[in-house]
Amino acid sequence: MASELLKGHLDGMILAVLQHGPAHGYAVIEELKQRSGGTFALPEGTVYPALHRLEADGLLASVWAEGTGRKRRVYRLTRRGRGKLDASRAEWRLFSRAVESVLA
Amino acid sequence: MTFLTDLDTELVGLHVPAGRRRRILAELEDHLACDPEAVGRLGEPKLLATRFADELGTACARRAAVALFAALAPFGLLFGVLFALLGAAGFSTSDPNLVGPAVILGTQIAFVGGALALLRAWRLRQETTVSAAQAAVVRRRTALGLVGGALTFAGIVTGASNNPPHVATWFEPLAYATAAVGAVTLTAATVVLVRAYRLRPTSQGPAAGDLESDLGLLVPASLRGNPWRLAFTIAGLVALCIALAGVIQSDPFDGVARALADAAACMAGYAVLGRPLGLRR
């Protein structure tokens, strides 16, 4: 799928993946691929800057964790992030219904 | 690993702070350890580093504007309380020993800079990345607000150190306490602004925009596309408010004089700083 189409929805999808529990960057990317059935094979370099920005905006929080002998940055959703996710979902439903009704 | 070394070099070139760089490299090292083939999917180091700078620089610029507001709000509140208490106790608040030019100028500059910075940050709140020009406007407006805050701080300290004999004894400690709050909050906001100046977006994207684009639909149709007319209207409204305040305070001549001075200051500020502050194109 064209990465331009994904760009506007990347934040919402990252927040949605982290809704189910904390995860590190690689796991977030894998989960995005898996949950989209491979449709969202997005450039992986777009996810890390987005994770850092979402944290800077207070939507995510992160800590270092030791796993498999390596340091990993694990991200979790904040309360603000949860609110933003709800808003993104509502916005997407409205948008997709409107597009569907035009295209159908 | 060449990829990580090249990425580090690019991040250094874009002034990404050392702590942030270490974190980015550690995360990507872990990513590549999970999937060594991913190096091709992460993109070119230069592109990836630019993306980090653009996204983090955007967040930093926005945060600087919010930090300025968070600094000025308690400081302004205490300042207001201080002079309201003086007025309520029957002391004159127009004594130049208490309220010198630094306070008069500083409060207005801080208000205008803070409001403009917050307005632009609010307008760009949904953007994942903004252009270098737009981020520069947010930073300059924030810097202006900080200069105003610093002037106000200096004015309050001067007023307290003058310690006029006809003023209540509690004025001096309360004024110093207000200044201390201002010193702490303004220093914190300055640190955030310095970070925003170091880590800047590089994207050449949209131009800086103007006040009309900030205010959007609030600008009447008759004023759209004519920035100078919009500036004159705003200066006129400011002057009207000040003149009315003079009438309410039973000093209409002083009110009119201050209104004219403020309107002239508005227009002079607009002429000199309009472009750097993104008020006109």
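Residues numbered from 1 in each chain as written. Chains lettered and ligands numbered in written order. Predicted model: local features only at pLDDT ≥ 70, side-chain atom pairs only at ≥ 80, totals over all residues.

K.L.:
How do you make sense of the overall build of chain A when you look at a structure like this?
P.N.:
Each helix and strand counted, chain A has five helices and three strands in total. Reading the secondary structure of chain A in the N-to-C direction produces α-α-β-α-α-β-β-α. Residues classed as buried in chain A amount to 31% of the 104 residues present. Across chain A, contacts joining residues at least 24 apart in sequence account for 52% of those joining residues at least 6 apart. (Helix = DSSP H or I, 4+ residues; strand = E, 2+ residues; numbered from the N terminus. Buried ≥ 20, exposed ≤ 12 C-beta atoms within 10 Å, placed from the backbone. Contact = placed C-beta atoms within 7 Å.)

K.L.:
How should helix H3 (residues 25–35) of chain A be read in this particular structure?
P.N.:
All buried positions along H3(A) are accounted for by Gly25(A), Tyr26(A), Val28(A), Ile29(A) and Leu32(A). Projected down its long axis, H3(A) carries its buried residues within an arc of 165°, all on one side. If you follow the buried residues of H3(A), they end up packed against helix H2 (10–18), strand E1 (23–24), helix H4 (47–56) and strand E3 (70–77) of chain A together with helix H2 (18–34) of chain B. Of the residues one or two after H3(A), Gly37(A) is the one with positive phi, at around 65°. (Arc of directions from axis to C-beta.)

K.L.:
Would you take a moment to explain the domain arrangement of chain B for this structure?
P.N.:
One frequent convention defines the size of an interface as the accessible area lost when the parts assemble. Residues and elements named next belong to chain B. Looking at chain B, the domain boundaries give domain 1 (2–40), domain 2 (64–207) and domain 3 (209–281). On a C-alpha basis, the centres of domain 2 and domain 3 stand 20 Å from each other. The interface of domain 2 with domain 3 comprises ten residues on the first partner and six residues on the second. Per-class residue counts for the side of domain 2 that touches domain 3 are five nonpolar, one polar and four charged. (Domains from an automatic or database assignment. Nonpolar A, V, L, I, M, F, W, Y, C, P; charged D, E, K, R; others polar.)

K.L.:
I tried to follow the nonpolar core on my own but got confused; where do I start?
P.N.:
As a rule of thumb, soluble globular proteins bury nonpolar side chains together. Counting residues in each nonpolar core, the largest one holds 90 residues, and the members touching the most others are Ile14(A), Ala64(B) and Leu68(B). Tallying contributions element by element places helix H3 (residues 45–88) of chain B first for this core, with 20 residues. Discounting chain neighbours no more than four positions away, the residues touching Leu68(B) are Gly114(B), Ala117(B), Thr142(B), Gly145(B), Leu146(B) and Ala189(B). (Core = buried A, V, L, I, M, F, W, Y, C linked by C-beta atoms within 7 Å.)

K.L.:
Looking at this structure, how should I read the interface of chain B and chain A?
P.N.:
Each side of the interface is counted separately: chain B has 22 residues, and chain A has 19 residues. When residues of the side of chain B that touches chain A are traced back to their parent elements, those giving at least two are H2 and H3 of chain B. Of the residues that constitute the side of chain B that touches chain A, the class distribution is twelve nonpolar, three polar and seven charged.

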